[in-house]
Amino acid sequence: MAQVSLRNISKIFPGNIKAVDNVTLGVENKEFMVLVGPSGCGKSTTLRMIAGLEDISEGDIYIGDKRVNDIPAKDRDISMVFQNYALYPHMTVFENMSFGLRLRRIPKQEIIQRVNEAAEILGIKRLLQRRPKELSGGERQRVAVGRAIVRKPLVFLFDEPLSNLDAKMRVQMRTEIHKLHIRLQTTIIYVTHDQVEAMTMGDRIAVMKDGVLQQVADPITIYDHPKNKFVAGFIGSPPMNFMTGRIIKKDGRFYFDEGRIQVKLVEDMYPKINHYVGKEVIFGIRSEDIYDKLFVSEAPPENVVRVNCEVYEPMGSEVYLYLNTGKHTFIARVGAHDKPKVNQDMDVVFDMSKVHFFDKNTEETIV
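So, here is what we can say about the structure in this document. In this text the structure is predicted, and so the values were computed from the model without any measurement.

What counts, and at which threshold
- Residues numbered from 1 in each chain as written.
- Predicted model: local features only at pLDDT ≥ 70, side-chain atom pairs only at ≥ 80, totals over all residues.
- Heavy atoms only, no water.
- Buried < 20%, exposed > 50% of the residue type's maximum accessible area, 1.4 Å probe, protein only.
- Helix = DSSP H or I, 4+ residues; strand = E, 2+ residues; numbered from the N terminus.
- Axes fitted to C-alpha atoms, helices over the stretch in contact; angles between N-to-C directions.
- Parallel < 35°, antiparallel > 145°, perpendicular 65-115°, else oblique.
- Left-handed = near helix turned anticlockwise from the far one by under 90°.
- Contact = heavy atoms within 4.5 Å.
- Core = buried A, V, L, I, M, F, W, Y, C linked by side-chain atoms within 4.5 Å.

## With respect to helix 1 (residues 43-51)
The periodicity of an α-helix, 3.6 residues per turn, causes residues three or four positions apart to be oriented the same way.
Here comes step 1: With seven of nine residues buried, helix 1 lies mostly within the body of the structure.
Here comes step 2: Among all positions of helix 1, only Lys43, Thr45, Thr46, Leu47, Met49, Ile50 and Ala51 are buried.
Here comes step 3: A positive backbone phi angle near 90° is found at Gly52, which sits one or two residues after helix 1.

This is the structure in structure tokens:
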């Protein structure tokens, strides 16, 4: 079994710089776990500690039932795919893929069989006699993945493997790695700063910020029920819109008052928001939960907001509208048929059943 267990691990660099701060995380056998966060959040350092390429300052790492803190990288039964591919330029594709097996003195016929099997899976059999300089970025990435596959490790580690590819190739390789996971049925821990990669590839996502684990859940839970404002803003494209305002109560009903606009909360939110009446909170709404009133048959008048359309950004099948209340700017994602005039006022409707509220001080989710 290839479970990976991180138990209160930390990494402290000279100068008392805490790159990873008391992270506890369990990765199940055959699970595709994605570590995601902005640059400098500690995700790659965490991966390198799992790989044995970075010493652990505090805590324990287990692969299966074996504590691996003091086990060298070469003996941990893991394979790592790096951002820069790390291919030997003077070797052919076959030699690059078989190098680790030759070091372990695997019989020649078995090496040939493993390399050919991996090359077949990845569609690079015709490239086996070429050298890295003769390959495209996507082909080099496939070779790097193939080199990991032939070792048949317990765990695959991927450190931002697609960041050097163009947009189209990233989408293609994303699909290939996902299909590879289904075919090989092995444990994968994948690091990326790209929240789209995280959402589309991971069985579960672990969101990190400043070395601290923020939330671990499946992609839909992370998207619909973020634990705090950081997770809400990091996951999703465009990012969630945020506004600051007060909760007020009128005639037994609760409203969010931004200063220029006011919208009514749904009753399900009342018990949790009651404590915040008269206080400032952070209001969050995703771009797809804002609609042009012209295309809504029945819009509750208390949820209609007058805004100014500053920018109209066509994206093909949909349009991004950059809207301004006079106090806050936010983005609505609407259908391509919706073409309001720029620099003119328009009415939009907030879907109040989909909004989020965050504590102004802690930025933790209220509701």
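## A look at the packing of helix 2 (residues 93-103) against helix 4 (residues 137-149)
Here comes step 1: Interhelical geometry of helix 2 versus helix 4 gives an angle of 30° and a closest axis separation of 8 Å. Here helix 2 lies roughly parallel to helix 4, going by the angle between them. The handedness of the crossing between helix 2 and helix 4 comes out as right-handed. Between helix 2, through Val93, Asn96 and Met97, and helix 4, the contact on the second element is made entirely by Val143, Gly146 and Arg147.

## Focus: the environment of Asp21
Here comes step 1: For Asp21, the location among the structural elements is in strand 2 (residues 17-27).
Here comes step 2: Separated by ten residues in sequence, Asp21 and Lys11 place their C-alpha atoms 6.8 Å apart.

## Regarding the nonpolar core
Here comes step 1: Ranked by internal contacts, the top residues of the largest apolar core, which has 45 residues, are Val36, Met97, Phe158, Tyr190, Val207 and Ile235.
Here comes step 2: Every residue in contact with Val207, bar those within four places of it in the chain, is listed here: Val36, Val212, Leu213, Gln214, Gln215, Ile222, Phe230, Val231 and Ile235.

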